[in-house]
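Single-letter residue listing:
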Amino acid sequence: MSQKASWLRRRLPAIAALVLVAVLFQLGRLPSASAGDLDELASGFAFRSSSIALPGGFRQQAIRTVNQDYKDIDAWISSVGAGVAMNDLDGDGLPNDLCITDPRIDQVVVTPVPGLGNVRYAPFALDPAPLPMLEPMAPMGCVPGDFNEDGRIDLLVYLWGRTPILYLAKAGATALTTSSFQAVELAPQSAGSRYSGPLWNTNTVAVDDFDGDGHPDIFVGNYFPHGPVLDDTKSTGVAMNQSMSNAFNGGEDYFFRWTGGTAGSAPTATYEMVSDVLPRDISKGWALASGANDFDGDQLPELYVAHDFGPDRLLYNRSTPGRISFSAVKEVRKPFVPKSKRVGGDSFKGMGVDFGDLDGDGLYDMYVSNIATTFGLEESHFAFVSDASDRDNLRAHFQDGKAPFADRSADLGLAWSGWGWDVKLADFSNSGELVVAQTTGFVKGDVNRWPQLQELAMANDGLLSDTTWWPHVRSGDDIGGSQRLHFFVKSDSGRYFDLAPKLGLDVPVPTRGIATGDADGDGRLDFAVARQWEEPVFYHNESPDAGAFLGLRLTHPAGAATTEPTSTTDPAATTDPAVGSPVVGAQVRVTTSDGRVLLGRVDGGSGHGGKRSQDVHIGLGKDVSGPVTVELTWRDRTGQLRQQQLSMNPGWHSLELGAQAQER
């Protein structure tokens with residue numbers, strides 16, 4: 001054997017290893033595109049930013065007071081709570097009202113969308129009186145919905161330090177003010193001037209008709225175990241996660257099943273609390289986000305719960321009217337697929353979730369935000385794309401306990417961005433392709449604490465329950481504080497590119513919630529962003545040459561609610577028009593003339609800190625001008641499953657869904 005051949009043979013293993021590393025690097029590296037390609041891709045989008053008006057007179061803060069056990073990580077504890085929702089609260093037919101959860105003042109604010117030249121009312125904060133409160137409480141989010149089924153949009157506010165509060169819209173209100181809403185308990189409490197109920201620490205709520213009886217129910221996901229997290233007079237009664245990847249000692253989760261409601265000037269809503277739906281290892285996860293959606297077409301919504309410090313859960317709906325029931329499904333382990341990249345088997349830090357058809361096969365996929373920071377904690381986000389052949393095949397897998405999804409985030413260019421939170425899949429240019437809009441960033445300051453956090457992430461789980469071993473994260477410390485909003489747009493190659501820098505959306509502050517809706521009815525989706533310890537911002541969509549769209553406002557017929565009748569002698573019961581009760585969970589499948597199938601739904605409130613409008617908006621593309629085939633599936637107020645196929649022209653339509661769909 002020649003000397004050269006002998007030298008080559010000795011080095012073959014090293015050469016093979018280098019080749020493998022090079023190949024894996026090429027396959028796994030972030031996608032790139034030329035500046036010209038990005039400019040062309042960005043040319044279809046344009047947004048104008050506006051500040052959102054907030055009421056004055058409230059005490060400002062830059063960090064929360066916390067339990068004494070948490071004093072060295074008070075900035076960490078203070079890192080959530082900014083939220084935003086878009087909906088139609090004043091009945092003008094447009095989702096041009098915002099519900100802002102602002103941690104700087106620890107208030108929930110109702111305010112009009114800015115910059116549209118029509119100041120319809122002054123911004124105001126919701127008033128929980130006469131309900132009992134405590135000082136160490138803070139709102140974490142706001143979910144619009146018709147919770148007493150009188151046709152008016154109410155607000156559900158969830159908090160740290162108490163159970164959620166329903167703010168029910170009063171009949172007869174002629175303008176939106178603090179007095180337009182009646183505060184009532186979601187979970188009944190003992191009478192008294194001081195709150196004495198359980199100290200829930202709720203971080204997520206999802207609303208849908210979980211049991212299929214025709215009425216929306218509520219899932220409440222708690223983060224910390226019940227206790228005085230924000231009470232700085234206490235030094236006990238709180239806990240930390242017992243693992244970075246497998247913690248099951250968080251706050252318990254609950255379902256609330258709708259049982260009735262009344263309208264009028266003193267409206268009511270009643271819900272039955274159901275505490276035994278989920279097994280302990282699911283219910284006691286550290287819930288940060290949740291989303292409900294019907295994947296298999298039976299009009300019973302599945303539920304995805306995103307857990308910090310442990311496996312997220314996809315729950316298959318097996319409910320019957322009056323009985324809420326779920327079973328967990330899990331992706332089957334496959335060769336070369338890491339354990340933590342599977343539905344139901346991950347160990348990442350779930351913080352946001354949304355649903356949409358990413359690959360155009362007519363089936364819903366999921367996008368999940370985690371922590372994915374280079375040289376920080378580089379896990380990855382998930383783009384769970386369905387592997388099922390159709391909805392029947394998907395249902396068969398679910399019934400067998402399997403989740404037929406595969407994570408395609410790296411292939412799609414959606415795996416890494418930063419410390420992720422809320423995410424919304426929406427078509428902002430009406431191209432027929434979904435944009436992935438995502439909030440990122442954690443704590444903003446001057447002292448970089450990533451090295452200490454990395455040490456903690458690699459530490460023994462036995463140390464985590466004692467905050468002494470945690471890195472100090474206090475005012476002035478920074479962990480991903482300059483991470484930005486991301487706006488991933490699909491290119492012709494099928495990969496996504498972040499156009500936020502091109503569009504002026506990448507402000508270097510931590511963001512939390514995204515709410516979408518067509519605030520001015522021009523067919524282009526606008527959006528609002530909640531920012532942690534910074535003012536929220538509204539982005540008006542001014543994208544040029546947008547394609548056609550189908551917009552649907554789907555409501556139950558007037559009088560369909562099973563509420564107790566309001567006395568006809570009460571003038572407040574008859575002086576104002578009701579907006580209409582959204583048909584939460586209704587599904588829309590649009591088939592275009594060229595055979596594309598596009599999906600939409602009435603979302604009851606999925607995500608982390610942002611809640612989209614309950615209108616359905618579907619981009620059709622620039623080549624669609626005539627009618628499209630629309631398949632509607634819903635449950636009426638009796639729980640009867642309904643389905644109807646219509647031919648509809650592009651544009652906005654308002655339909656009442658009873659036994660049949662009737663355009664209004």
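Because the structure is a prediction, the values reported are computed rather than measured. (Residues numbered from 1 in each chain as written. Predicted model: local features only at pLDDT ≥ 70, side-chain atom pairs only at ≥ 80, totals over all residues. Heavy atoms only, no water.)

Caption draft 1: How the structure looks around unusual backbone geometry. Omega for the bond connecting Ala129 with Pro130 falls within 30 degrees of zero, at 10°, which places this linkage in the cis form. Mapped onto the elements of the fold, Pro130 is located in the loop between β5 (124-125) and β6 (138-145). The phi dihedral of Gln299 is positive, around 60°, even though this residue is not glycine. Position of Gln299 among the secondary structure elements: in the loop between β14 (286-293) and β15 (302-308). Overall, Gln299 belongs to the buried group, its relative accessible area being 7%. Phi angles above zero are rare outside glycine, and Phe309 is one such case at about 65°. As for its position among the elements, Phe309 is in the loop between β15 and β16 (313-317). (Helix = DSSP H or I, 4+ residues; strand = E, 2+ residues; numbered from the N terminus. Buried < 20%, exposed > 50% of the residue type's maximum accessible area, 1.4 Å probe, protein only.)

Caption draft 2: Representation of the sheet that holds strand β27 (residues 496-498) in the model. On the basis of which strands lie adjacent, the open sheet formed by four strands has the order β22-β23-β26-β27 and antiparallel pairing. On the outer flanks of this sheet lie β22 (420-426) and β27, each paired with one strand and no other. The sheet shows a mean angle of 25° between the axes of neighbouring strands, direction not considered. Across five bridges, β22 lies against strand β23 (residues 435-440) in antiparallel orientation. (Pairing = 2+ DSSP bridges. Axes fitted to C-alpha atoms, helices over the stretch in contact; angles between N-to-C directions.)

Caption draft 3: Summary view of the confidence of the model for the protein chain. Scored by pLDDT, the protein chain comes out at a mean of 92, with 92% of its residues at no less than 70. For residues 560-576, every residue scores under 50 in pLDDT, and the model assigns this stretch 31 contacts once sequence neighbours within four places are set aside. (pLDDT = per-residue confidence, 0-100. Contact = heavy atoms within 4.5 Å.)

Caption draft 4: Seen up close, the state of the cysteines. Under the counting rule described, the total for this entry stands at one disulfide. Paired through a disulfide, Cys99 and Cys142 show a sulfur-sulfur distance of 2.1 Å. One quick way to see it: the torsion about the S-S bond of Cys99 and Cys142 is about 100°, and its sign makes the bridge right-handed. You can see Cys99 sitting in strand β3 (residues 97-102) and its partner Cys142 sitting in strand β6, a full 43 residues away along the chain. Taken individually, Cys99 and Cys142 each receive the classification buried, so the pair is uniform in this respect. (Disulfide = S-S within 2.5 Å.)

Caption draft 5: Layout of the sheet that holds β5. Strand order across the open sheet formed by five strands is β5-β4-β3-β2-β34, with mixed pairing between neighbours. Each edge of the open sheet is held by one strand with a lone partner, namely β5 and β34 (610-611). Alignment of strand β4 (residues 107-112) against β5, held across two bridges, turns out to be antiparallel. Pairing of Val110 across the sheet is with Phe124, part of β5.

Caption draft 6: Looking closely at helix α5 (residues 391-399). Where α5 begins, the side chain of Asp390 points an oxygen toward the backbone nitrogen of Asp392, at a separation of 3.2 Å. Just downstream of α5 lies Gly401, where phi reads positive at about 80°. (Polar contact = N/O pair within 3.5 Å; in protein donor to acceptor, adjacent residues only side chain to side chain.)

Caption draft 7: Representation of the UniProt feature "domain: ASPIC/UnbV" (unreviewed entry) in the protein chain in the model. UniProt's feature table lists "domain: ASPIC/UnbV" (unreviewed entry) at residues 584-640, given in the numbering used throughout. Helix makes up 0% of residues 584-640 and strand 46%, and the two end C-alpha atoms of the span are 14 Å apart. (UniProt positions renumbered as here; feature names shortened; annotations may be inferred.)

Caption draft 8: Layout of the side chain of Asp478. Mapped onto the fold, Asp478 is located in strand β25 (residues 477-478). Look at Asp478: it is buried, it has no salt bridge, and the nearest opposite charge is Lys444 at 5.4 Å. Of note is the side chain of Asp478, whose polar atom sits 2.9 Å from the backbone nitrogen of Gly445. For Asp478, the residues in contact, after removing those within four places along its chain, are Val443, Lys444, Gly445, Asp446, Val447, Asn448, Arg449 and Trp450. (Lys, Arg positive; Asp, Glu negative; His and termini not counted. Salt bridge = Lys/Arg side-chain N within 4 Å of Asp/Glu carboxyl O.)

Caption draft 9: Just the pattern of salt bridges, in detail. By the definition in use, this model includes 37 salt bridges. Of the charged contacts in the structure, one is a salt bridge between Arg48 and Glu542, with a shortest N-O distance of 2.6 Å. Of this pair, Arg48 sits in strand β1 (residues 47-51) while Glu542 sits in the loop between β30 (537-541) and β31 (548-555), and the two are 494 residues apart along the sequence. Assessed through its relative accessible area of 32%, Arg48 is described here as partly exposed. Of the charged contacts, one joins Asp281 and Arg313 as a salt bridge, the two residues approaching to 3.7 Å between their closest N and O atoms. One end of the pair, Asp281, is in helix α4 (residues 280-283); the other, Arg313, is in strand β16, with 32 residues separating them in the sequence. According to the relative accessible area criterion, Asp281 is partly exposed, its value standing at 37%. Taking relative accessible area as the criterion, Arg313 reaches 12% and is therefore assigned buried. It is possible to trace a salt-bridge network through shared partners that takes in Asp90, Asp92, Asp97 and Arg120.

Caption draft 10: Just the packing of aromatic side chains, in detail. For the structure shown, the criterion picks out 36 aromatic pairs. One aromatic cluster in this structure is built from Phe45, Phe47, Phe428, Phe487, Phe527 and Tyr539. Here the guanidinium or amino end of Arg553 rests over the ring plane of Trp652, the centre of that ring lying 4.3 Å away. (Phe/Tyr/Trp six-rings, centres within 6.5 Å; stacked < 30°, edge-to-face > 60°. Lys NZ or Arg CZ within 6 Å of the ring centre and 35° of its normal.)

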